[in-house]
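A structural walkthrough
If you want the building blocks of each chain, they are given just below.
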Amino acid sequence: MRRLSDVDPNLLANLKKYLDKELYAYAEKELEQFYQLCMTDIDRRAVHTDREGQPRLIKYDRFGNEISEVWVNEGYQQTAKQTYETGIVGYVHKPIPELGRKGNYIYSYAQGYLLSQVETGVYCPVTLTMATAYLLEHFADENLKKKYLPHVISTGEIELYEGATFLTERQGGSDVGANAVRAVLCGDHYKLFGEKYFASNAGRCGVAAVLARIDGSEPGTKGLSLFLVPWRNEDGTLNSIQIRRLKDKLGVRAVPSAEVVFDGAKAYVIGDPKKGFYYMMEALNLSRVCNAVGSIGIMKRALEEAKQYAANRTAFGHKLTDYPMVRETLADLTARQEVQTSACFEMISVFERVMTAPDEATEEEKAWNRLLIALLKMRTAEEAIAFAHEAIEMHGGNGYIEDFVTPRLLRDAQVLTVWEGTANILGLEVLRLMRKYRVHEQFIAKMAEALSSLSDDVEPLASPVKQGLHELAEALKRLDGQPEEVQTFHAKKIANRLCDIYLSVVALERAQENERNCLIAQLFLQHIWNRHLVDEQMLSVRHFEVIIHGQRQLSPS
C-alpha cells in the first residue's frame, strides 16, 4: 500500500496551510492510518454492501408486530463503528484525548474526503450525524443538549446515536414551504403526524431532526419548527414511527433511505419554534460542504483508478500513458482535482470561522460563506460525475464491468448533484444572496484584489480571468433591475461564471508556490477559458511526469 503522503501531497499541503502545528501533526498521523483502513478493509466491505449486502427492511417480527427495523450487514456495521470512533463527528465538539483540545471541521472534512473515496454511502450517515450534532450544540436548550448530544458525538465511550435530518415530503421536494407534517402540543413535548418521503439513515439513526408545522402556524417556511425525534422510546419500543419502504436507489446503496410515517411520535422542539427553517438551513450548509467533500473524494478515486490503469495497460504495443491524448486527459483531471480540492479547503476554513462562532460573524462573512458553499457544491458534484465517466472511458470495456470500482463511482456520484440542492436550486440561492446581501459586489472586489496581488511571474497568466471578471461585472449591470423571469433564467449561468473565476483565482494563487503548481494553474486555466482548437504548448504532454508524479523531466527539443 502506498502512503497517503505519496498519493495525495496536495491534501496534506492544504491541511498544513489551515491547521496549527500541533493539530496538523496529529491529523497527519491519524489520516495515514485511516487512509490505509479505507483503501483495504472499508473498500472491500463497500463492494459487498453495494452488490450483495444492501440494507433490508424488516417490517414485522415473527408474531406480526410492526418493528420497522433496518438490517445492515456486519461489514457495514464495522465500517460505521470504526469511522465514528476516529472522531469524525465527535472531535468537532469535544476534546481529542491525546491532545486535550477539540479538533475542527477542517480535520473532520479531511477524514470525510478519504472515506468518500471508498464508501460514499457511509459518509452520508456521518454527514447527517454531523448536522444533528451541530443543531443540538448551537440551538437546543440545555436539557435536550445534555441528554442527547453526548450520544450523537460518541467515539465509543457511550452508546452512539447516529443522526438524521428529515426534510423532504411527497408534495414538496425542494419546495420545503409546502411541508405538511403536523406537530401537536402534548404537555412538555409534541407529537408528530405525517410522512417524510426521502428520509436517509432511517432505522439506523438514534435521533432525527425533523421539520414540522405546529398546528395554527402560518403557511410556508416561516411556519416550520424543528424537532428532535428519538427513534425509540426509553423502553426500546418504536417511537410511533413506521418505515413504509426503503428506496431502491441508483447508487449510495449502503445508506438506507426510506419513506417514514409518524403516527404520534414524541418530539422535542429545538430552539425557537419560529426559527425551524433557519436552523435546518444552517444544517443544510454543513451538509452541502460534506457533499462537496464527497465529490472531490470521488474525483480523487476516479483519477487514481484511471492513472493506475493507464500506467499498466498496453494497447497497440505501448502503455496507455505513452499516448498524448491519454496524457492530456490525466493531466487535465489532475489539475482540476487539485485546484478544486484546494478551493474546498479554503471554503472550509471560512465555514469553520463562521459556523463555530456564528454570533461573532458579520452578515458579510455569512453571505460569503454561503456563496462559496453554493458554488463549490454545484461544481464539484458535476465534476464527480465527469471524473467517473473519464475513468470508465480510460478502462474501456472493463470500466463498465462491476468487477471494477468505476461503475459504483459513477452511480454514487450521480446523487451528489441532487442531494442538498440541485444546480437550479443553488443558482437561485446565489441570486438570493446577490439580492439580499449584494454578495456579487463583495465577490468582484475580492477577486480583483487577489488578481492585483499576484506575483510578477504569475500575473501574465491571469489575463483571461481578468477578462472574465470584467464580463461578469458588465453582465450583472445589465441584469440588475431586470424582471424576475430574466434574472432567474440567468441565475445558474451567473453562478457558473462566479465559480469559474473563483477557482481560477485559487489556481493562480497556488501557482505562486512552486513550479509544478504553476503548471497545474496553466492547465486549469486552459480547461476553463481556452477555446482554441490548436494547443501550441501541449503542456500536459511535455510536463506529464512533473504533473502526475512530481518528477522533473527534460522537455522535448
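Residues numbered from 1 in each chain as written. Predicted model: local features only at pLDDT ≥ 70, side-chain atom pairs only at ≥ 80, totals over all residues. Heavy atoms only, no water.

**Description of the environment of Phe-443**
For clarity, the cut-off: Numbering of helices and strands runs from the N terminus; a helix is a DSSP stretch of H or I covering at least four residues, while a strand is a stretch of E covering at least two. The criterion used for residue contact is that any of the two residues' heavy atoms lie within 4.5 Å.
Tracing the chain through its elements places Phe-443 in helix H13 (residues 439-452). Leaving out residues up to four positions away in the same chain, Phe-443 has contacts with Trp-368, Leu-371, Leu-469, Leu-472, Leu-498, Ile-501 and Tyr-502.

**Describing the layout of surface pockets**
Note the cut-off: Here a cavity denotes a set of grid points, spaced 1 Å apart and computed over the protein atoms alone, in which a 1.4 Å probe fits but from which it cannot get out, and a pocket denotes an open set meeting protein on both sides within 12 Å along at least five of seven lines; residues with an atom within 4 Å of a point are reported as lining. Grid points are joined across faces, edges and corners, and a volume is the space filled by probe spheres set on the points. Each residue gets one of three labels, nonpolar for Ala, Val, Leu, Ile, Met, Phe, Trp, Tyr, Cys and Pro, charged for Asp, Glu, Lys and Arg, and polar for the others, Gly among them.
Its boundaries defined by the atoms lining it, the second largest pocket holds a volume of some 730 Å³. Contributing to the lining of the second largest pocket are 39 residues, with Pro-9, Asn-10, Glu-338, Arg-516 and Ile-547 lying nearest its centre. Where the lining of the second largest pocket is concerned, the elements lending two or more residues are helix H1 (4-7), helix H2 (9-18), helix H8 (276-312), helix H9 (324-356), helix H15 (484-511), helix H16 (515-529) and helix H18 (544-549). In terms of residue count, H9 provides more of the lining of the second largest pocket than any other element does, seven residues in total. Class assignment of the residues belonging to the lining of the second largest pocket gives a composition of 11 nonpolar, 12 polar and 16 charged.

**Description of the pairing of strand E8 (residues 207-214)**
Condition: The rule is simple: take the accessible area with a 1.4 Å probe, protein chains only, and divide by the maximum for that residue type; under 20% is buried, over 50% is exposed, in between is partly exposed. Two strands form a pair only when DSSP identifies at least two bridges running between them.
Counting buried positions along E8 gives eight out of eight residues, so the element sits mostly inside the fold. Neither face of E8 is open: one carries Val-207, Ala-209, Leu-211 and Arg-213, the other Ala-208, Val-210, Ala-212 and Ile-214, and all of them are buried. Examined bridge by bridge, strand E5 (residues 165-166) and E8 share two bridges and lie parallel to one another. Directly across from Thr-165, in E8, lies its bridge partner Ala-209. Pairing geometry for strand E6 (residues 182-186) and E8, over two bridges, is parallel. Along E8, the bridge assignment pairs Ala-183 with Ile-214. Bridge count between E8 and strand E9 (residues 224-230): seven bridges; the pairing is antiparallel. Looking at E9, one finds that Ala-208 is bridged to Val-229.

**With respect to the state of the cysteines**
Our working rule: A pair of sulfur atoms, both from cysteines and within 2.5 Å, is called a disulfide here.
Applying the stated rule across the entire model yields zero disulfides. With no disulfide of its own, Cys-124 lies 9.4 Å from the sulfur of Cys-290, the closest cysteine sulfur.

**Section: the environment of Ala-131**
Tracing the sequence through the fold places Ala-131 in helix H6 (residues 120-139). Considering only alpha carbons, one finds Ala-131 and Leu-539, 408 residues apart in sequence, at a separation of 43 Å. In this view, Ala-131 contacts Thr-165, Ala-283, Leu-286 and Ser-287; residues no more than four positions away in its chain are not counted.

**Observations regarding the UniProt feature "domain: Adaptive response protein AidB N-terminal" (unreviewed entry) in the protein chain**
Under the convention used in this document: UniProt positions are given in the numbering used here, feature names are shortened, and annotations may be inferred rather than shown by experiment.
Those residues carrying the UniProt feature "domain: Adaptive response protein AidB N-terminal" (unreviewed entry) are residues 15-154 in this numbering. Within residues 15-154, the helical portion is 64% and the strand portion 11%, while the C-alpha atoms at the span's ends are 25 Å from each other.

**Overview of the packing of helix H12 (residues 423-437) against H15**
Packed helix pairs are characterised by how far apart their axes lie and by the angle those axes make with each other. For the record, the criterion: For helices, the axis comes from a line fit to the C-alpha atoms of the stretch in contact; other axes are also lines fit to C-alpha atoms, and the angle between any two N-to-C directions lies between 0 and 180 degrees. When describing relative orientation, an angle under 35 degrees is termed roughly parallel and one over 145 degrees roughly antiparallel, while 65 to 115 degrees is termed roughly perpendicular and anything else oblique.
At a closest axis distance of 8 Å, the pairing of H12 and H15 adopts a crossing angle of 100°. Judged by the angle between their axes, H12 and H15 are roughly perpendicular. Along its contact with H12, which presents Ala-423, Asn-424, Gly-427, Leu-428, Val-430, Leu-431, Met-434 and Arg-435, the element H15 presents Glu-484, Gln-487, Thr-488, Ala-491, Lys-492, Ile-494, Ala-495 and Leu-498. Classifying every residue of the contact of H12 with H15 by side-chain character gives nine nonpolar, four polar and three charged.

**Remarks on helix H3 (residues 21-51)**
Heads up, the rule is: A helix is expected to span 1.5 Å for every residue after the first. Bending is quantified residue by residue as the angle between axes fitted to the seven-residue window ending at that residue and the seven-residue window starting at it. As used in this structure description, the phrase polar contact means that two N or O atoms lie within 3.5 Å; if the pair is within protein, one of them must be able to donate a hydrogen and the other to accept it, and residues adjacent in sequence are counted only when both atoms belong to side chains.
Helix length check: H3 (31 residues) gives 42 Å between terminal C-alpha atoms against 45 Å at 1.5 Å per residue, within 8%. Maximal helix bending in H3 amounts to about 40°, located at Cys-38. Here H3 starts with a cap whose side-chain oxygen sits 3.1 Å from the backbone nitrogen of Glu-22, and that cap is Asp-20.

**Overview of empty space enclosed by the protein**
The full count for this structure, using the stated rule, is three cavities of 30 Å³ or more. Reported here for the largest cavity is a volume of approximately 50 Å³. Mapped onto the lining of the largest cavity, the elements with two or more residues apiece are H3 and helix H11 (406-414). Considering each element in turn, the lining of the largest cavity owes the most residues, three residues, to H3.

**Here's the deal with the packing of aromatic side chains**
Cut-off, in case you're wondering: Each Phe, Tyr or Trp ring (for Trp, its six-membered ring) is paired with any other whose centre lies within 6.5 Å, and the angle between the two planes then decides the class: stacked below 30 degrees, edge-to-face above 60, tilted in between.
Under the defined criterion, the tally for this structure stands at 12 aromatic pairs. Ring geometry for Phe-139 versus Tyr-279: centroids 4.3 Å apart, planes at 25°, classification stacked. Here Phe-139, found in helix H6, pairs with Tyr-279, found in helix H8; they are 140 residues apart in sequence, far enough to count as distant. Residues Phe-139 and Tyr-279 agree in their burial class; the two are buried. On the numbers, 6.4 Å between centres and 80° between planes, the contact of Tyr-309 with Phe-404 is edge-to-face.

**Description of unusual backbone geometry**
Phi is positive for Val-252, close to 35°, though the residue is something other than glycine. Turning to its location among the elements, Val-252 is positioned in the loop between strand E10 (241-246) and strand E11 (257-269). Judged by relative accessible area, Val-252 falls into the buried class, the value being 2%. Although it is not a glycine, Met-538 sits at a positive phi angle of roughly 50°. Checked against the element boundaries, Met-538 lands in the loop between H16 and helix H17 (539-542).

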